[in-house]
Amino acid sequence: QVQLVESGGDLVQPGGSLRLSCAASGFTFGNYDMAWFRQAPGKQRDLVALITTFTITNYRDSVKGRFIISRDNAKNTVILEMNNLKPEDTAVYYCYAQRGAEVYWGKGTLVTVSS
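Residues numbered from 1 in each chain as written. Predicted model: local features only at pLDDT ≥ 70, side-chain atom pairs only at ≥ 80, totals over all residues. Heavy atoms only, no water.

(A) View of the packing of aromatic side chains. Under the counting rule described, the total for this entry stands at 7 aromatic pairs. Taken together, a centroid distance of 4.6 Å and an interplanar angle of 65 degrees make the contact between Phe-27 and Tyr-32 edge-to-face. Each member of the pair Phe-27 and Tyr-32 is classed as buried. Aromatic pair Phe-37 and Tyr-96: ring centres 5.0 Å apart, planes at 55 degrees, arrangement tilted. One end of the pair, Phe-37, is in strand 4 (residues 33–39); the other, Tyr-96, is in strand 9 (residues 91–99), and 59 residues separate them in sequence. Using a relative accessible area of 15% as the deciding quantity, one classes Tyr-96 as buried. An aromatic cluster of three or more residues is present, and its members are Phe-27, Phe-29, Tyr-32 and Tyr-104. The ring of Tyr-94 carries Arg-45 above its face, with NZ or CZ at 3.6 Å from the centroid. (Phe/Tyr/Trp six-rings, centres within 6.5 Å; stacked < 30°, edge-to-face > 60°. Buried < 20%, exposed > 50% of the residue type's maximum accessible area, 1.4 Å probe, protein only. Helix = DSSP H or I, 4+ residues; strand = E, 2+ residues; numbered from the N terminus. Lys NZ or Arg CZ within 6 Å of the ring centre and 35° of its normal.)

Here's what the structure looks like:
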């Protein structure tokens, strides 16, 4: 069974850092592009960061220079390092896998940035 399981969400103060992890199983991880999306209350789900099978990365403008996405194919894991967090980063963060028309989603992990 395909699974994407996120972990690492927490309550942090503005300016703080968090490291999110996504553990994947049930498919050939190295053949899939991976990404993190986020959804704040009352808002649409937006792409945060993408990393392809060739390790090419892409970030939404608001997180460039603050967030880093990486992958470890040997461990079937995708990481999102988040630095200098802002209240606007508060959202449920979702792991995503895509190969052609095949798409898989995790259930999400909550990140709250507040003082």
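Next comes the rest of the description.
(B) Local environment of the side chain of Asp-33. As for its position among the elements, Asp-33 is in strand 4. One buried charge, Asp-33, has no salt-bridge partner; the nearest side chain with opposite charge is Arg-71, at 5.1 Å. Looking at Asp-33, its side chain comes within polar contact range of the main-chain nitrogen of Thr-53, at 2.9 Å. Residues within four places of Asp-33 in sequence aside, it is in contact with Leu-50, Ile-51, Thr-52, Thr-53, Arg-71, Tyr-96, Ala-97 and Gln-98. (Lys, Arg positive; Asp, Glu negative; His and termini not counted. Salt bridge = Lys/Arg side-chain N within 4 Å of Asp/Glu carboxyl O. Polar contact = N/O pair within 3.5 Å; in protein donor to acceptor, adjacent residues only side chain to side chain. Contact = heavy atoms within 4.5 Å.)

(C) Expanded view of the pairing of strand 7 (residues 67–72). Burial along strand 7 is one-sided: Phe-67, Ile-69 and Arg-71 are buried, and none of Ile-68, Ser-70 and Asp-72, which face the opposite way, are. Of the strand pairs in this sheet, strand 7 and strand 8 (residues 77–82) are connected by 6 bridges, and their pairing is antiparallel. The partner of Ile-69 across the bridge, within strand 8, is Leu-80. Turn length for the strand 7-strand 8 hairpin, with the two strands adjacent in sequence and antiparallel, is 4 residues, and the turn residue Asn-76 shows positive phi of about 50 degrees. (Pairing = 2+ DSSP bridges.)

Shape is all these values report; function is a separate question.
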